[in-house]
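Listed below, chain by chain, are the residues.
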Amino acid sequence: MPKQFNIPRGYRSDLIGEIKRRRSSDDPRKENLMPTEIDLGPVVFRIARFFGFCYGVENAIEIAYRALEENPDKRVFILSEMIHNPNVNADLVRLGVKFLQTADGEQLIPFSLLRPDDVVIVPAFGTTKEIFETLESLGINPQSYNATCPFVEKVWKRGKQLAQQGYSIVIHGKHTHEETRATFSHIRVDGPSVVVRDKAETELLCRHIRGELPEEQFYRDFEGRCSEGFTVPRDLRRLGVVNQTTMLAEETHEIALLVKEALAARFGPEAGGEHYADTRDTLCYATSENQRAMRGLLAVSGDLAVVVGGYNSSNTSHLVELAEGRLPVFYVRDAEEILSRDEIRHLDLHTKRREHTRGWIPTKEPVRILISAGASCPDAMVEAVICKIAGFFPGAREVTAADRLLAAN
């Protein structure tokens, strides 16, 4: 039985909880990716098979609230955002937690102001080896409330294994993201490492692998994204690929294939494991499941999609990317972004700006709306979005307890 975490009741939803329980009971092997349908008459909601809080997020929230409960008379800090959900982070601030850094690493409170009796929580993304050492030097034990996701730590261990086997490590991730900054910090201690964000950067790296570009150009192309002492071509001869746990699975696969092909072009197709370590991907299970479920959701017909999650959430943004070009998709932080049946505020992934769109819901009925959410989005937030949209349709049936039981059938 999956571990049950102690998280605030306000993050849970009877509606979504019942849907998830029914789907889990009917499909314990997680093979059926068909969405759950709630038909309210003029509006039909089709909800992804997998979405919302994952193991690492629930674990982090439980640890944060336990830290507050166990230390009522101490100052409690979090290194940066606990998870990428503004509502959850705001709840912690209201309870008195202070953030030491922004998600981008900007210092809000100097470490020099910390005292040995302060409590410092390490967020779900983990943190750099240097920050762990800084906290320890101040007399603070960062392991006391270390909420680093186990799947992130698994990537660190995999990187260490590759380095011990003599491979340099290519990290597929956003180099400014907290998780990738932490992963790069831990892995680069064990062996030569370089970060690539996408296929375009990987193709540039592959030109260096094949020896098509001057060695000195590598250090300009990957400034700040390769480990100290990285040497070309020595450290581009044997490579393995790991990734930020929230990236797109197929993109990581394509990046690994590009690296493998570049090594084969340089050292011959028979080089095999001598030059390339087949690591598959190191995505967490929730990222993989949510992306699979989004594909299952898109396989059925819909008039539009709504994806719920924090605007700086990497895993949520990738769900939006999967839907883009297939149908209109609206990336909303919470139900407050949905203003009316005619108006909605949402994030444009490409400009990184909040847009204001009119006429987002078709006038025809029934309207079929696809729903998904990122791994840091509480179930209660998804229910709030569904109920708010349903309220725009006067003829819609109310979502009752009976519907909760029928929804997942």
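Please read all numbers here as calculations on a predicted model, not as lab measurements.

J.: Quick rundown of the overall build of the protein? Include the residues and the values.
T.: Along the backbone of the protein there are 13 helices and 14 strands. For 409 residues, the compact-globule estimate of 2.2 N^0.38 gives 22 Å, and the protein sits close to it at 23 Å. Once the C-alpha set of the protein is aligned to its principal axes, its extents read approximately 70 × 55 × 40 Å. Within the protein, buried positions represent 55% of all 409 residues. If you sum the accessible surface of the protein, you get close to 18100 Å²; carbon and sulfur atoms cover 49% of it. If you average the places of the 52 positive and of the 59 negative side-chain charges in the protein, the two averages end up 2 Å apart.

J.: Can you explain the pattern of salt bridges? Please cite residues and give values.
T.: The full count for this structure, using the stated rule, is 28 salt bridges. One salt bridge connects Lys364 with Asp303, and the closest N-O pair in it is separated by 2.9 Å. Pair noted here: Lys364 is in the loop between β13 (353-358) and β14 (367-373) and Asp303 is in the loop between α10 (285-298) and β10 (304-308), with a separation of 61 residues, a long-range link. When its relative accessible area of 36% is taken as the criterion, Lys364 is described as partly exposed. Given the relative accessible area of 18%, Asp303 is considered buried. Between Arg358 and Asp342 there is a salt bridge whose closest N-O contact spans 3.1 Å. Of this pair, Arg358 sits in strand β13 while Asp342 sits in the loop between β11 (329-332) and β12 (343-348); the two residues are 16 residues apart in sequence, bridging distant segments of the chain. Exposure remark for Asp342: the relative accessible area of 35% places this residue in the partly exposed category. Each of Glu18, Arg21 and Arg22 takes part in one network of salt bridges that share partners.

Cut-offs applied
- Residues numbered from 1 in each chain as written.
- Predicted model: local features only at pLDDT ≥ 70, side-chain atom pairs only at ≥ 80, totals over all residues.
- Heavy atoms only, no water.
- Helix = DSSP H or I, 4+ residues; strand = E, 2+ residues; numbered from the N terminus.
- Rg over C-alpha atoms; globule rule 2.2 N^0.38 Å.
- Buried < 20%, exposed > 50% of the residue type's maximum accessible area, 1.4 Å probe, protein only.
- Areas by Shrake-Rupley, 256 points an atom, 1.4 Å probe, with all protein chains shown as cover.
- Lys, Arg positive; Asp, Glu negative; His and termini not counted.
- Charge placed at Lys NZ, Arg CZ, Asp CG, Glu CD.
- Salt bridge = Lys/Arg side-chain N within 4 Å of Asp/Glu carboxyl O.

Scope: geometric values only; no functional claims are made or implied.
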